[in-house]
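# Structural characterization, general
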Amino acid sequence: MSRQLTAPLLELVQKIEKSTTPQPIELERSGSNEVKTLVSAYNEYAQRMENARVEQLSQQQAMLHQKKLASLGQLAAGIAHEIRNPLTPVKMTLQLLTEQENNSPEMLALALSELDRANAMIETMLDLSKGGGEVLKMSMIDMNEFMKKFKFIMEAEARLHAETYAEAADCKIYTPAHMPNLYASENGLSQILSNCVRNALQAVQSRGADGICHLHLHVYTNQFVFIVQDNGVGMTEPQLETIGQAFKTSKADGNGLGLYMSSRIVREHNGKIEFDSKVGVGTTVQIHLPRGGDQDEV
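Let us look at the overall build of the chain. Along its length, the chain carries 7 helices and 7 strands. Beginning at the N terminus, the succession of helices and strands in the chain can be written as α-α-α-β-α-β-β-α-β-β-α-α-β-β. Considering only residue pairs separated by 6 or more positions, the chain has 70% of its internal contacts joining residues 24 or more positions apart. Per element, the accessible surface of the chain, about 17500 Å² overall, is 53% carbon and sulfur.

Put into structure tokens, the structure is as follows:
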């Protein structure tokens, strides 16, 4: 009688010890009526647990799928944001050319170079989606020509901002009299500065014509320092702690990918980017890039 009572329980223990799968263990109904009832109750309980496990797994897979869809949506929005940067001066160039009798070859060349930048950005995004690393094309940049071109890009951003928010902010670029070449990625540098300028213009939109968006360039023996200043809404300490993280942003229609990509480009230049901001006062962004290449005397 003792063996008859304990045999099903010993069978359960042995099957549990030998089991290597999460599937429920089903026992044979044998022994006295009491033991059969116990075994039936166990089998029923084990099946309910298995059903709950399968349902939970299905819910987890559904949640994971939703997260992937959300991430894809945010990534698509980020790609659109980044591509829109070079397309802005292209649009403004074409508008200005339609208003002028004598077309400017320099403006047409700028429009074409910005379209090339947009195409290169698309290729970079495709490489990232395949798991490949972004490879920046580094070269010696004529900073006099670059800043002249970026001045037009900045003016195009300000003009577009004025069309959207009725009043243009005060946008200025301050550069030293002597600017040696900089060994860097021209497309990467344009992307960094465009993102910072666009963020500054958005931050000062409530100030109208009193808004300030200034870009200062300082050249030192071993580095270039770009400073973008605004007197906009500013950021809180928690916002500053998450700045530069993908999908972390305080903007209602933002995604955080602009500064995320900019920070990544700066790191690939072995540089650094710093943010200083106060709510209601404004924000200052400093981009430090090593000069690299053959350095001229400053």
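Now for the sheet that holds strand E6 (residues 272-278). Pairing in this open sheet of 5 strands is mixed, and the strands run E2-E4-E5-E7-E6 from one edge to the other. Edge positions in the sheet fall to strand E2 (170-174) and E6, since each of these pairs with one other strand and no more. Sheet twist, expressed as the average angle between the axes of neighbouring strands with direction ignored, equals 10°. Pairing of strand E5 (residues 223-230) with strand E7 (residues 282-290) involves 8 bridges; the strand directions are antiparallel. Paired with Gln229 across the bridge in E7 is Thr284. Packed onto the sheet, helix H5 (residues 186-203) meets E2, strand E4 (212-219), E5 and E7 and runs at close to 20° relative to E5.

Moving on: the pattern of salt bridges. As enumerated under the stated definition, the model contains 6 salt bridges in all. The salt bridge partner of Lys149 is Glu186, with a shortest N-O separation of 3.0 Å. Here Glu186 lies in helix H5 and Lys149 lies in helix H4 (residues 143-165), a separation of 37 residues in the sequence. Note that Lys272 is salt-bridged to Glu274, the shortest N-O span being 3.4 Å. For Glu274, a relative accessible area of 34% puts it in the partly exposed group.

How each quantity is defined
Residues numbered from 1 in each chain as written. Predicted model: local features only at pLDDT ≥ 70, side-chain atom pairs only at ≥ 80, totals over all residues. Heavy atoms only, no water. Helix = DSSP H or I, 4+ residues; strand = E, 2+ residues; numbered from the N terminus. Contact = heavy atoms within 4.5 Å. Areas by Shrake-Rupley, 256 points an atom, 1.4 Å probe, with all protein chains shown as cover. Pairing = 2+ DSSP bridges. Axes fitted to C-alpha atoms, helices over the stretch in contact; angles between N-to-C directions. Salt bridge = Lys/Arg side-chain N within 4 Å of Asp/Glu carboxyl O. Buried < 20%, exposed > 50% of the residue type's maximum accessible area, 1.4 Å probe, protein only.

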